[in-house]
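The primary structure of each chain is shown beneath.
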Amino acid sequence: MPTLTATTWADPRVQALSDAQQAELRERYDGRGESGTPPTAEDVAVVLLLREDDGTPVGCGALRPLEPGAAELKRMYVVPAARGRGLSRLVLTGLEATAAERGWHTLRLETGPLQHEAIALYERSGYRPIEAFGHYLDEPDEWSRYYEKELP
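Figured I'd write up the structure that's included with this text. What you see as residue numbers is a count from 1 along each chain, following the sequence as written. The predicted origin of the model limits local features to residues at a pLDDT of at least 70 and limits the giving and counting of side-chain atom pairs to 80 or more, whereas totals for whole chains, interfaces and linings rest on all residues. Heavy atoms throughout the structure, all of them, feed into the side-chain values; hydrogens and water do not.

Quick notes on the overall build of the protein
Thinking step 1. The way it works is that DSSP assigns letters per residue, a run of H or I at least four long becomes a helix, a run of E at least two long becomes a strand, and they are numbered from the N terminus. Helix and strand counts for the protein stand at 3 helices and 7 strands.
Thinking step 2. Mapped in sequence order, the helices and strands of the protein form the string β-α-β-β-β-α-β-α-β-β.
Thinking step 3. Only C-alpha atoms enter the radius of gyration; for comparison, a globular chain is expected to reach 2.2 Å times N to the power 0.38, where N is the number of residues. Relative to the 2.2 N^0.38 estimate, which gives 15 Å for 152 residues, the radius of gyration of the protein is 14 Å and therefore close to what a compact globule would have.
Thinking step 4. Principal-axis analysis of the C-alpha atoms gives the protein an extent of 45 × 40 × 30 Å.
Thinking step 5. Taking all 152 residues of the protein together, the buried fraction comes to 47%.
Thinking step 6. The long-range fraction of contacts in the protein, counting pairs at least 24 apart against all pairs at least 6 apart in sequence, stands at 67%. Only protein chains enter the accessibility calculation, which uses a 1.4 Å probe; a residue whose area is less than 20% of its type maximum is buried, one above 50% is exposed, and one in between is partly exposed. We call two residues in contact when some of their heavy atoms are within 4.5 Å.

Next up, the structure:
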């Protein structure tokens, strides 16, 4: 069973997964770049790394604080070869639990309209559509969808 562990944004395994995610999204969106402000080591407070039993990194996710009580999900990603096994849900559940431990009761995220599997995961997990927030207020566009969940 894959394991989820805390690490840092600077972890080379996380950076490799983040780069792979961004390359996949640029391909999906015909070269279009990332919306909003990219995450950095200075503004990401939580990073989780998902590894197979043999240590191979297969997924990641991060949390960036927004305001008291709220954080943004960033870089939710599972490599294509590991998809279809419920690993994205495992990363999402881990991020939600960590957010609750830190006192963040609201999670928000931005995703794209062509990321059907991500949208399905978030909606099944209780996220609801919202208007642009935070870094996205200055550049809301047709290529972004925004979601929010109030944690129990």
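This is not the end of the story, as more comes after the structure.
Re the environment of Val44
Thinking step 1. Counting through the fold element by element, Val44 comes out in the loop between helix 1 (12–28) and strand 2 (46–51).
Thinking step 2. Among all residues touching Val44, those that are not within four sequence positions of it are Trp9, Pro39, Ala62, Leu63 and Arg64.

A word on the packing of helix 2 (residues 87–101) against helix 3 (residues 116–124)
Helix packing geometry: the angle between the two helix axes and the distance between the axes.
Thinking step 1. The convention used is that axes are lines fitted to C-alpha atoms, helices contributing only their stretch in contact, and that angles between N-to-C directions extend from 0 to 180 degrees. Between helix 2 and helix 3, the least distance of the axes is 11 Å, while the angle of their chain directions is 50°. It follows that helix 2 is oblique to helix 3 by the angle criterion. The handedness of the crossing between helix 2 and helix 3 comes out as right-handed. Here Ser88, Arg89 and Leu92 of helix 2 come into contact with helix 3, specifically with Leu121, Tyr122 and Arg124.
Thinking step 2. Among the residues forming the contact of helix 2 with helix 3, the class breakdown is 3 nonpolar, 1 polar and 2 charged. Roughly parallel refers to an angle under 35 degrees, roughly antiparallel to one over 145, roughly perpendicular to one between 65 and 115, and oblique to any angle outside these ranges. Take the far helix as your reference; a near helix turned counterclockwise from it by less than a right angle gives a left-handed crossing, and one turned clockwise gives a right-handed crossing. Classes in brief: Ala, Val, Leu, Ile, Met, Phe, Trp, Tyr, Cys and Pro nonpolar; Asp, Glu, Lys and Arg charged; the others, Gly included, polar.

Brief notes about the packing of aromatic side chains
Thinking step 1. Stacked, tilted and edge-to-face are the three classes assigned to paired rings of Phe, Tyr and Trp, where Trp is represented by its six-membered ring and a pair needs centres within 6.5 Å; plane angles under 30 degrees give stacked, over 60 edge-to-face, the rest tilted. Counted according to the given criterion, the structure contains 5 aromatic pairs.
Thinking step 2. Note on Tyr29 and Trp143: the rings are 5.7 Å apart at their centroids and 85° apart in plane angle, and the pair reads as edge-to-face. Linking Tyr29 in the loop between helix 1 and strand 2 with Trp143 in the loop between strand 6 (128–130) and strand 7 (145–150), this pair joins segments that are 114 residues apart in sequence.
Thinking step 3. Judged by centre distance (6.0 Å) and plane angle (85°), the ring pair of Phe133 and Tyr146 falls under edge-to-face. In this pair, Phe133 is assigned in the loop between strand 6 and strand 7 and Tyr146 in strand 7, connecting sequence segments 13 residues apart.
Thinking step 4. Taking relative accessible area as the criterion, Phe133 reaches 7% and is therefore assigned buried.
Thinking step 5. Ring-pair connections join several aromatic residues into one group, and the members of that group are Phe133, Tyr136 and Tyr146.

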